[in-house]
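Chain and residue survey
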Amino acid sequence: MAFQYSLPLTATPIRDLAEKIGRNYEEVEKKLREYKASGVVKRYGANLNYRAFPNFRQSSLVAFKIDAEKAKRINELGERVKHNFLRDAEFNVWFTLKGKNLEEISSIVERIARELGAEDYVILPTKRVYKMDVKYDLYRGISWSYGVEPEKVASISELGIGEEIKRLEDLPISRRPFLELGLKEEETVELIEELMKKGVVRDFSGVLSERGIGFRFNGMNVIRTKNPERVARKLLKSYPQITHLIERFTSEKWDYPLYFMVHATDREKIERIAESIRELEGVEDLKVVYSRENLK
């Protein structure tokens, strides 16, 4: 929990975390190495915002109606695809796709849909990101976070920073991780602090594996509403269980403008959140679409 929620942004983050929680450094390093080897910990470091990268300024949720056996081939698109899920819905495969602009994304989707023989598909471009903060409360057994997405995010090209910044997302588990990467410690800490102010870095924290910690259920909640912004503001204020909160352009095939995710150890926790939100003023309809298999 401390690794997720209170990791110090210093030249020696794991050492300082150990001191903060009153544990021996060697013990903490050993446990973190074990957690990473066993799949509990994915990585730790500066969590970058994809909107800061010129080639990935636009993102879209894409849904396919397709033979499930072919769905893993979508992962061949590489780092453009962040998530790829089989879900219980009319469109059975849902993935996120990043590109320079909507034209590029549409072209890629048309090509891959043709190659894989998709019966139908829908492209749901991101209109506004309200929240993108994935953390898990291991005591409550449900996702729990407070980070809010800035409306404007600086581009790394405008800041004179190259793609090498990505190595700050996955730091070595060691006493002095920046030094181990050949970086100047204080300058790197100051850089991360500055990039957090500009929205390029969301936060500095440990990232856990949903499956590794036993969170077996994730629900994509989709809301039909005439006022997405007003409803989104209510959700941000009252529901820290939400990890992603995004407004999307709609389609005649799928007319839900507001999306959020909740992750939990059991389905009932997600259902309780959904039932509560259905009662909010402005929510016309809410559907929970559960994942059946995580393909990436």
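Provided above is the structure to which this section pertains.
Read on for a plain summary of the structure. The structure presented is a predicted model; accordingly, all values stated were derived computationally and were not measured.

For the rest of this paragraph, the subject is the overall build of the chain. Secondary structure assignment for the chain yields 8 helices and 12 strands. Its C-alpha radius of gyration of 20 Å places the chain within 12% of the 19 Å reference for a compact globule of 296 residues. Each of the three principal axes of the chain carries a C-alpha extent, and together these read 55 × 40 × 40 Å. Considering only contacts in the chain between residues 6 or more positions apart, those separated by 24 or more positions represent 74%.

Further remarks concern a negative patch on the surface. On the surface, Asp67, Glu69, Glu119 and Glu293 cluster together into a negatively charged patch. Along the chain, Asp67 turns up in the loop between strand S2 (58-65) and strand S3 (81-87).

This part is about helix H6 (residues 185-197). One turn of the α-helix equals 3.6 residues, which is why residues spaced by three or four share an orientation. With 13 residues, H6 extends 19 Å between its outermost C-alpha atoms, agreeing within 8% with the 18 Å of an ideal straight helix rising 1.5 Å per residue. Where H6 is concerned, the buried positions are Glu185, Thr188, Val189, Ile192 and Leu195. Projection of H6 onto a plane perpendicular to its axis shows the buried side chains occupying an angular sector of 125 degrees, all on one side. For H6, the exposed residues lying more than 90 degrees away from the buried face are Glu186, Glu187, Glu190 and Lys197. Looking at the buried residues of H6, the elements they touch are strand S1 (41-48), helix H5 (177-180) and strand S8 (201-208). Looking one or two residues past H6, Gly199 carries a phi angle of roughly 85 degrees, positive in sign.

Conventions we followed
Residues numbered from 1 in each chain as written. Predicted model: local features only at pLDDT ≥ 70, side-chain atom pairs only at ≥ 80, totals over all residues. Heavy atoms only, no water. Helix = DSSP H or I, 4+ residues; strand = E, 2+ residues; numbered from the N terminus. Rg over C-alpha atoms; globule rule 2.2 N^0.38 Å. Contact = heavy atoms within 4.5 Å. Patch = residues over 30% accessible without salt bridge, like charges linked within 9 Å, V, L, I, M, F, W, Y side chains within 5 Å. Areas by Shrake-Rupley, 256 points an atom, 1.4 Å probe, with all protein chains shown as cover. Salt bridge = Lys/Arg side-chain N within 4 Å of Asp/Glu carboxyl O. Lys, Arg positive; Asp, Glu negative; His and termini not counted. Charge placed at Lys NZ, Arg CZ, Asp CG, Glu CD. Expected span 1.5 Å × (residues − 1). Buried < 20%, exposed > 50% of the residue type's maximum accessible area, 1.4 Å probe, protein only. Arc of directions from axis to C-beta.

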